[in-house]
Amino acid sequence: MLRFAASFVPPTLRRAGGRWLVLALVLAVFSAESLQAEPLPALTQADDRREAMPVTADASSARLWTEGRASVLFLRGDEDAPIRIQAGETTLQANSAVVWSRILPSGLGRRRLDVVLMGDVTWQSSLGEGAGPHYVAGLIADGPVELRADDRQPGDASEDPLVLQARQRLAEAAGEPDKPSADDVDPSSVSTAISPLPTTQPQAATLPPEPLAAVQARRLRTVPASDDLLAVEATGGFFLIREEADGSLVELRADRAVVFSKVERLDDIETDDTGLGDDLARNASGVYLEGGVEVLFTDAPRRRNGRVDLPRGDQQLRARRAYYDFDTGQALLGEAVLHTSATGDGDELPLTVRAKALRRFVDGDYEARAGRISSTRFATPMLSLGASRVFIRETESFGSVRRIAGADNVTGRVFDVPLLYFPVVRGVLPDRRVPLRGVRIGESRNRGTFVRTEWGLFETIGRDPPSNLDATYEIDNFSERGVRGALRGDYGGSFFLPVGEGRPALYDGSFLLEGIDDRGDDDLPGRRPDVPQDGLRGRFEVEHALFLPSASTMSGEDFALFFRLGLLSDSTYLESWDRPRFNDGPAHDLSLLAINRSRNKLGWASFNVSLHNYPTFAEVVQENTAIERLPELGAGSFGDRLGPLTVSTEARLGVLAFDRLSGDLQRDLSLPDGIRGFPGFPSYAYTPDTERIVPRFDLRQEVAAPSTGGFLSLRPYVVGRTTAYGDGPFGGATGRVLAGAGVSVRTAFAGVSNSVYSRILSLDRLRHVVEPYADVFGSIGWGPDTTELYVFDEQVDGYGELGIVRLGLRQRIQTYRGPPGGKRSVDLFDLDVSANFFDAAEGRERAARLQFEGGPDPDGLTGPFRGVFYESRPEASLPLDTLEGGAAWNITDTTSTSGRLIYGIDADELLSAVGEVRLERGERLDFRIDARYLRPADSTTIGGSAQYRLSRRYDLFGRSVFDVDQGRLRSNSVSITRFFERATLQVGLFLDNIDDEGGIRVDFRPFDVPGLDIDSFSVSGG
């Protein structure tokens, strides 16, 4: 073995001095076994013989440092994502944790992890689950912890209060191993993979710690070399770990190895009581490995241009044999496989290089002979590149680091079949994003043949994107419309102010600028005619939000500022080029909003003006007016205690105005004759006069006396409200006053049957919960009704005299479901039925009015679509006598049905109904069918969708919606998806009779280039 080891040492390394020649002679002598070998002291076996397992840790932030021979991790989570530590079947979660990691003696790379979890601790294992405020545990890990954290930085955090608390918890646990503290949970409920206490107590290093180094093997023996240096043979399994001067780590594993040292005698190597060869690893000049070789490099953070770059990530190599030189940091491997990533951080584009011979140079550069590159770990990948020579190098330009790749005699391969040949290939490996983000190629009846592309702005100019800004630009060409361009971006970050006790101010926002030299026609939805265009058109949008900390972290105050500005070139641009934005987005206007929240108190100030004379989003089409606030101020205090009472007060003062958006919607939006707006009822702006600026003051106060006695919950309350207007539709100042009183009643009854069990129906005990509820409210008012007022906001101006009685009954049947040891309570059946009775003639008349002159005859309108009782503001409820019912039946965890209907008592007809059935069968079938009925729109539809996993590589999906009233399909689509190792390919057919479009679609998404979506589809008129 040693003779071959000497021949495997690279000539360039042997030429470093005469020492290599002498070493070669020593190896030859040693191979003849002419010298007597001196055995090393036996390494002690690990006391803990439990099965080791991979350990992963997910956290929002992590700090890493060393204490003596232990590596320390300080992990933090956030409100939405606590830290999570996974070890086999055991899962630990907490707000924060500290982990001390030590290499076990004779463990061949195994580590002992002493874990202290703090804050909302939960754990789950094969033996049970538990929770508590903190917990101390021990894990046996097979290798280092795989850490996934967005904020991962080196730095000693040993003086952090949480770390000091964790150290104290660990010390207390070590002092009384059989007596956990009272607020700890019984560790016997945790998997055997967790031991409750560590074997030793970590101590802070008082002196600068020595770099980490250790050697472990089953059997070791030494040979004195002719150059007076020591060589050591390791068999039966070998492990070496060593921390270099720059903080990087190298870990070596193999079946057999030869360690070349810098010392002359065994006496010069120090060993501790565990027998670990720390000094042998620290004084090793090189090592030859053979059989099952694994080499793992973990780079340390590097300071570059005044900043600290995060580690590039782990680089893992496997080979049959290898030589690693510690003096130069170089390695030579035979029949090797390199696993890394194109970005070096391990979480973006995976990269696998297989080669007959592979060499690693200083700083992580590689060169391979007879190599193959792919983005999958499969031995025979679907897509790969073969080459006679491959290299990967790092270079720095313009202050950023790039990974350069090159290859000679390159062949593109599908499985093992070469298809393309390139003599030379050179390029930059993808960073977190590549310049090309997306491509769409297709044909449309209205736009013609088109190519749409999206590019990364900073990637295009060869710069790393800033951490707080992502900017892209789009270049599209439409044969029937013209060339379109867009620039968009999202940004966000934080900065510190002199207030806030260390809490940062946060900001985020977005911007968009796009335009097209349009030479075609806008194809609008429905029966609306096409609108010809000839000229430049587009839009501009910017939104910004700023969140400021309070002067004290104890005050519980939050400040927020919001800004929005939007501009459109014409009235039909959005509907033609971004219909989802028109249907669901906010207005294109100038808007400012400031909010201050302090516990249960809220204050705000808003200002907005309309910048267009046409609707810029769908919600205002039926009102045909925008509300301008010039400005409006508001304040509220909710739930203040006054003895047994709770008091809530809300006030607002502002200057408001209606801005008439269009005198002729039919002309501006190309609406068909007889249709002045979208289907629906107006919710504000009942009066036609929209030219006046109106000061408005509104004050609402509510006093409640909630009480809970026995099984009954009562909440009687009184409401007082006054609103004053500086002007009215008929001229002059006006106002009104309202007083009301009501009571809410809630109760619940429950019964349990422990004898019910059915494996087929997935039943284990039944619990029947009956929850009756009732609400009664009445109010009287003085002053004009809503027909004589400007209604700017329905919740503020739309209230009036009202009588309400709501009666309801909810019933739930619950059972236990789940695997053994993980059963949970679920609602098997849920039925909620209620009746709403109103007495408000004014409300019915108010809902029938139109918001602009010249509209359709209101005689056919019978009132609002449904009656709604607002518990927070009962005086503003929408009056309509209705019966409502909703039910859900979870037959099993994978089979359920649900539905809801509304019946109009006065109209004596069904107003709306919806129902759905869901079926899931393992990972193969997901089937849904739904039906909807809407009386005001006279629409009945039935829809269904199904997704079926044909095999591990193929998915089939289909969706259809049928219009019962019209007797035809509204939409239909079917697609099949092929999953490759590093890509998906989807081919589908679609038909949309609403937009009068249909065609074929092909979508290819490679995983290796994040964000890239090659989407091709053809569209034709229906």
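From a predicted model like this one, the values you see are computed outputs, not experimental measurements.

Student: I tried to follow the overall build of the protein on my own but got confused; where do I start?
Tutor: For the protein, the helix and strand inventory stands at 11 helices and 54 strands. About 49300 Å² of surface is accessible on the protein, with carbon and sulfur atoms providing 56% of the total.

Student: Whenever I open this one, the side chain of D114 confuses me. Can you help?
Tutor: When you line up the elements, D114 lands in strand β7 (residues 110-125). Among the residues examined, D114 registers a relative accessible area of 1% and is labelled buried.

Student: Honestly, the environment of T894 in this entry has me stumped. Any pointers?
Tutor: Counting through the fold element by element, T894 comes out in the loop between β45 (882-892) and β46 (895-904). On a C-alpha basis, the gap between T894 and D926 in space is 9.0 Å, while along the polypeptide they are 32 residues apart. In this view, T894 contacts R918, L919, E920 and R921; residues no more than four positions away in its chain are not counted.

Student: Would you mind going over the nonpolar core with me for this structure?
Tutor: Buried together is how nonpolar side chains tend to be arranged in soluble globular proteins. F238, L252, V287, L333 and L358 are the most contacted members of the largest nonpolar core, which has 43 residues in total. Looking at this core element by element, the count peaks at six residues for strand β14 (residues 284-298). The residues contacting V287, other than those within four sequence positions of it, are F238, L252, A257, V258, V259, F260, A322, Y323, Y324 and F326.

Student: I tried to follow the pairing of strand β48 (residues 925-934) on my own but got confused; where do I start?
Tutor: In the case of a regular strand, side chains alternate between the two sheet surfaces. Where strand β47 (residues 909-921) meets β48, 10 bridges bridge the pair, whose relative direction is antiparallel. Among the inter-strand pairings, A913 is bridged to a residue of β48, identified as Y933. The turn joining β47 and β48, which pair antiparallel and follow one another in sequence, is formed by three residues; a positive phi near 65° is taken by G922. Across 10 bridges, β48 lies against strand β49 (residues 939-949) in antiparallel orientation. Looking at β49, one finds that D930 is bridged to G943.

Student: For this particular structure, what's the right way to read the pattern of salt bridges?
Tutor: Where charged atoms of side chains with opposite charge meet at close range, the side chains can pair. Tallied over the entire structure, the rule returns 59 salt bridges. Between R321 and E335 there is a salt bridge, with its nearest N and O atoms 4.0 Å apart. In this pair, R321 sits in strand β17 (residues 314-325) while E335 sits in strand β18 (residues 330-341), placing the two residues 14 residues apart along the sequence. Classification of R321 by relative accessible area gives partly exposed; the value is 25%. Owing to a relative accessible area of 33%, E335 belongs among the partly exposed residues under this scheme. Between D727 and R692 there is a salt bridge; the shortest N-O distance is 3.3 Å. Placement of D727 in the loop between β39 (712-725) and β40 (734-747) and of R692 in the loop between α9 (665-668) and β37 (693-704) is noted, with a sequence separation of 35 residues between them. R692 gets classed as partly exposed once you look at its relative accessible area, which sits at 28%.

Thresholds applied
Residues numbered from 1 in each chain as written. Predicted model: local features only at pLDDT ≥ 70, side-chain atom pairs only at ≥ 80, totals over all residues. Heavy atoms only, no water. Helix = DSSP H or I, 4+ residues; strand = E, 2+ residues; numbered from the N terminus. Areas by Shrake-Rupley, 256 points an atom, 1.4 Å probe, with all protein chains shown as cover. Buried < 20%, exposed > 50% of the residue type's maximum accessible area, 1.4 Å probe, protein only. Contact = heavy atoms within 4.5 Å. Core = buried A, V, L, I, M, F, W, Y, C linked by side-chain atoms within 4.5 Å. Pairing = 2+ DSSP bridges. Salt bridge = Lys/Arg side-chain N within 4 Å of Asp/Glu carboxyl O.

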